[in-house]
Amino acid sequence: MVETFKVWQCIGCGRIDHPQPCVGICQDRKVEMVYAADHAESVARVAALEALLRRIAFTTPRPGEWQAAWRALQADARRAVEASPRAA
């Protein structure tokens, strides 16, 4: 789970919790932000899971080999889950 934090952001000029030249139409709203490193890590995990889903969706095992193919996909899925920070 990516940690979020709440900040005030102006919907007019975009200022976030610090002085910035205002264009005169400032109106603050509470927004949730994430750190860029957390976002990049989440994007990488999603890409890895998408790759696994593509393999599941587009793999056709040879006749009589579905069990071996399924076990290989399960092993890949376990590795993906174990690599997740939530696995600990």
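An account of the accompanying structure is given in this report.

Definitions and limits used
- Residues numbered from 1 in each chain as written.
- Predicted model: local features only at pLDDT ≥ 70, side-chain atom pairs only at ≥ 80, totals over all residues.
- Heavy atoms only, no water.
- 1 Å grid on protein atoms, 1.4 Å probe; cavity = no way out; pocket = protein on both sides within 12 Å on 5 of 7 lines; lining within 4 Å.
- Points joined across faces, edges and corners; volume = space filled by probe spheres on them.
- Helix = DSSP H or I, 4+ residues; strand = E, 2+ residues; numbered from the N terminus.
- Nonpolar A, V, L, I, M, F, W, Y, C, P; charged D, E, K, R; others polar.
- Phe/Tyr/Trp six-rings, centres within 6.5 Å; stacked < 30°, edge-to-face > 60°.
- Buried < 20%, exposed > 50% of the residue type's maximum accessible area, 1.4 Å probe, protein only.

## Overview of the layout of surface pockets
Here the largest pocket is characterised by a volume of approximately 160 Å³. Considering the residues around the largest pocket, the lining is formed by Ser42, Arg45, Val46, Ala48, Leu49, Ala80, Val81, Ala83 and Ser84. Within the residue set of the lining of the largest pocket, elements represented by two or more residues are helix H1 (36–58) and helix H2 (66–83). At 5 residues, H1 tops the list of elements feeding residues into the lining of the largest pocket. The class makeup of the residues in the lining of the largest pocket is 6 nonpolar, 2 polar and 1 charged.

## Remarks on the packing of aromatic side chains
One pass over the full model with this rule turns up 1 aromatic pair. Plain terms: the ring middles of phenylalanine 5 and tyrosine 35 are 4.9 Å apart, the flat faces sit at 40° to each other, and that makes the pair tilted. In this pair, phenylalanine 5 sits in strand S1 (residues 5–10) while tyrosine 35 sits in the loop between strand S2 (28–33) and H1, placing the two residues 30 residues apart along the sequence. You can call phenylalanine 5 partly exposed: its relative accessible area is 28%.

So, to be careful, I would describe these as geometric facts and stop short of saying anything about function.
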